[in-house]
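Each chain is listed here by its residues.
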Amino acid sequence: MKYDETIDKLIEVVGGEDNIRNFEHCATRLRIILKDDSKLNKDKVDEVPESKGYFFNTGQHQFIFGTGKVNAVYSEMEQRLGDKSSENSSGGFKDDVYQNLSPLQKVVRTLADILVPLIPVLVTTGLLMGIRGFILELGVEMSPDWLTMFQMLTDTAFAFLPVLIAFSATRKFGGNPILGIVVGLMLVAPQLPNAYAVAGGEAEPLTLLGIDIIGYQGSVIPAILAGWMISRLERLFRSFVPQMMDLIVTPFLTITITIAVMLFLLGPIVQIAESGVINSIIYLIEAPFGIGYIIYAGFQQVITITGLHHSISIIEISLLNDGGTNVLNTLGTASMAGQFGAAVSAALLMSSKLKRSNALSASASTLFGITEPLLFGVSLRSMRVFGSGMVGGAAGGLVTSLLGLSATGMGITFIPGLLLYTNSMSSILQYLLVIAVSFAVGFVLVKVQSRPVQAELNAK
């Protein structure tokens, strides 16, 4: 065979055929998972013929052969080893990769597996939502019928986001996805007070057994927990419920227990968390020397990930009522711009054209103030990227503090947010400067870490 010498050396370097648990290839690299990583001969990894380089990431020993050549090397290696790798493996290649991940990497990978399939829907809806907000802020009037139609296009996916997430999470954790859909629908049922309406003071929560109950609109983590509970409870009940009763008893108990826990146990916990978020933000923005601005702008997107961001509107309304300005809008935009810069920089490091295109598409809706596609599709795939975005946001928070800049309204950010700074040309230029600094810092920090970031992103 053409690559006999390459494969002989490769097997020698990784510690022999018996040390290979599993192997696979991507567009340019041969990825190998070993039973014992200590048997790898690190001094000879660069001596493999035809290999252009080696690196180790997420439990995989990756040898770079280049497009086309890697397919031929993999094919000949598969012929050489036959079924030995599958005999040594505990499952598929992805299962073996997962076993080699650190706890943090496992969490990130699980989140990605749940949320990435939702990105196309969130990107489309986010762009439409941004366009609608921009049009309305320009003063364009729509008839009630057209406004209703536009709201249907823009609000549906985000209004029912917990449904999509619960479905995806239940499927990921091995449960019945239909049960995930039903529980997700219950979490945002119209009979429950809308979370955003309650946060804005437009509605009151239901009170049952002394517990305030509201819907889970915009929630991410609770919906993932619901999917996890469904899959665990379903397996538990199936282990002892007689088969003839399974069709009725298992889904009944699974749905009932899950929704009860979500509303009566997790609900109060979320409300306590929201109260803590609100009080913490109030203390932060009042901190001296702009420290609070820096911290808030750095961590604002973390709040978005948890789904607690809808509670921030309470503070924004209070700020506007008290002083007529809203600095949280400026700081929120800085946080978005930092993540945007980091995500764009990360996308440009991706070797796959498809991955790069998808990452840039997921990032595009940030221009209209919608960051969920960017966060779940790009930033959270690498904590280096997400961390760089946080530092970028913090830098924008510092600039905001130095300039004393704040918005005259709420509800729109980034490009549409320009309309909240039209009181003077100086305010517009300062707003653009905050965005530029945040973007640049996030972009450059990822660029500085290009090697490890590229390894992480291209390995997934």
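These numbers were taken from a predicted model, which means no experiment stands behind them.

Colleague: Could you clarify how one ought to interpret helix 8 (residues 161-172) in this entry?
Modeller: Residue pairs three or four apart in sequence face the same way in an α-helix, which turns once every 3.6 residues. Compared with the 16 Å implied by 1.5 Å per residue over 12 residues, the 16 Å span of helix 8 between its first and last C-alpha is a close match. Those residues of helix 8 that sit buried are Leu161, Pro162, Val163, Ile165, Ala166, Ser168, Ala169 and Thr170. After helix 8 finishes, the residue Gly174 shows a positive phi value of roughly 90°.

Colleague: Help me understand the pattern of salt bridges in this model?
Modeller: In a structure, side chains of opposite charge can pair up when their charged atoms sit close to one another. By the definition in use, this model includes eight salt bridges. With a closest N to O distance of 3.7 Å, Lys9 and Glu12 form a salt bridge. Residue Lys9 and its partner Glu12 are both found in helix 1 (residues 4-13); the two are separated by three residues, about one turn of the helix. Given the relative accessible area of 17%, Lys9 is considered buried. For Lys69, the salt bridge is made with Glu50, and the minimal N-O distance between the two is 2.8 Å. Within this pair, whereas Lys69 is found in helix 2 (residues 69-81), its partner Glu50 is found in the loop between strand 2 (29-34) and strand 3 (53-57), the two being separated by 19 residues in sequence.

Colleague: Could you clarify how one ought to interpret the sheet that holds strand 2 in this entry?
Modeller: Through backbone hydrogen bonds, the strands of a sheet pair up, either in parallel or in antiparallel fashion. Taken in spatial order, the four strands of this open sheet run 1-2-4-3, and their pairing is antiparallel. Single-partner strands in this sheet number two, and they are strand 1 (20-25) and strand 3. Strand-to-strand twist in this sheet, taken as the mean axis angle between neighbours without regard to direction, amounts to 20°. Judged from the four bridges that link them, strand 2 and strand 4 (residues 60-64) form a sheet pairing that is antiparallel. Bridged to Arg31 within strand 4 is Gln62. Where helix 2 meets the sheet, its contacts fall on strand 1 and strand 2, and the angle it forms with strand 1 comes to roughly 150°.

Colleague: What's the story with the packing of aromatic side chains in this structure? I'm lost.
Modeller: The description of an aromatic ring pair uses the distance of the two centres, along with the angle that the planes make with each other. Tallied over the entire structure, the rule returns seven aromatic pairs. With a centroid separation of 5.9 Å and an interplanar angle of 20°, the aromatic rings of Phe439 and Phe443 are classed as stacked. With a gap of four residues between them, Phe439 and Phe443 both fall in helix 19 (residues 425-448), about one helical turn apart. Looking at Phe443, the relative accessible area reads 23%, which means it is partly exposed. One aromatic cluster is present, built from ring pairs that chain together Phe340, Phe414, Phe439 and Phe443.

Colleague: Sorry, what's going on with the confidence of the model for the protein chain here?
Modeller: Regions with low pLDDT carry predicted coordinates that are not meant to be interpreted in detail. Within the protein chain, residue pLDDT values average 83, and 91% of them lie at 70 or more. The spread of mean pLDDT over the elements of the protein chain runs between helix 3 (residues 84-88), the lowest at 49, and helix 19, the highest at 95.

Colleague: Looking at this structure, I do not really get the nonpolar core. What am I missing?
Modeller: General note: in soluble globular proteins, nonpolar side chains tend to be found buried as a group. One finds Leu115, Ile165, Ile281, Leu328 and Phe376 to be the most contacted residues of the largest nonpolar core, which totals 65 residues. The dominant element in this core, judged by the number of residues it contributes, is helix 15 (residues 327-349), at 13 residues. Of all hydrophobic cores here, the second largest spans 21 residues; its members include Val13, Leu34, Phe65 and Leu81.

Colleague: Explain the packing of helix 13 (residues 291-306) against helix 15 here, please?
Modeller: Packed helices, taken two at a time, are described by the angle between their axes plus the distance between the axes. In contact at an axis separation of 8 Å, helix 13 and helix 15 are set at 55° when each is read in the N-to-C sense. By the angle between their axes, helix 13 is oblique relative to helix 15. Remark: the crossing between helix 13 and helix 15 carries right-handed chirality. Residue-level inspection shows Tyr293, Tyr296, Ala297, Gly298, Gln300 and Gln301 of helix 13 in contact with helix 15, the latter providing Val327, Leu328, Leu331, Gly332, Ala334, Ser335, Met336 and Gln339. By residue class, the composition of the contact of helix 13 with helix 15 is eight nonpolar, six polar and no charged.

Scoring rules and cut-offs
Within any chain, residue numbers begin from 1 and follow the written order of that chain's sequence. Two thresholds apply to this predicted model, a pLDDT of at least 70 for residue-level local features and 80 or more for giving and counting side-chain atom pairs, whereas whole-chain, interface and lining totals are computed over all residues. As a rule here, side-chain values come from all non-hydrogen atoms in the structure, and water together with hydrogens is ignored. Working definition: helices are DSSP H or I runs of at least four residues, strands are E runs of at least two. Numbering for both runs from the N terminus. Multiplying one less than the number of residues by 1.5 Å gives the expected span of a helix. For every residue, the accessible area (1.4 Å probe, protein chains only) is compared with the maximum for its type, and the residue is labelled buried under 20%, exposed over 50%, or partly exposed between those bounds. Salt bridges are counted wherever a side-chain nitrogen of Lys or Arg sits within 4 Å of a carboxyl oxygen of Asp or Glu. In this scheme, strands are said to pair when DSSP sees at least two bridges between them. Axes here mean lines fitted to C-alpha atoms, for a helix over just the part in contact, with angles spanning 0 to 180 degrees between N-to-C directions. Contacts: residue pairs with any heavy atoms within 4.5 Å of one another. Ring geometry is summarised as follows: Phe, Tyr and Trp rings, the Trp one being its six-membered ring, pair when their centres sit within 6.5 Å, and such pairs are stacked at plane angles under 30 degrees, edge-to-face over 60 and tilted between the two. A score from 0 to 100, pLDDT tells how confident the predictor is in each residue. By nonpolar core is meant a set of buried Ala, Val, Leu, Ile, Met, Phe, Trp, Tyr and Cys residues that side-chain atoms within 4.5 Å join together. Should an angle fall under 35 degrees it is taken as roughly parallel, and over 145 as roughly antiparallel, whereas 65 to 115 is taken as roughly perpendicular and any remaining angle as oblique. By convention the crossing between two helices is left-handed if the near helix lies anticlockwise of the far one by an angle smaller than a right angle, and right-handed if it lies clockwise. All residues other than Ala, Val, Leu, Ile, Met, Phe, Trp, Tyr, Cys, Pro, Asp, Glu, Lys and Arg, Gly among them, are scored as polar; the first ten of these are nonpolar and the last four charged.

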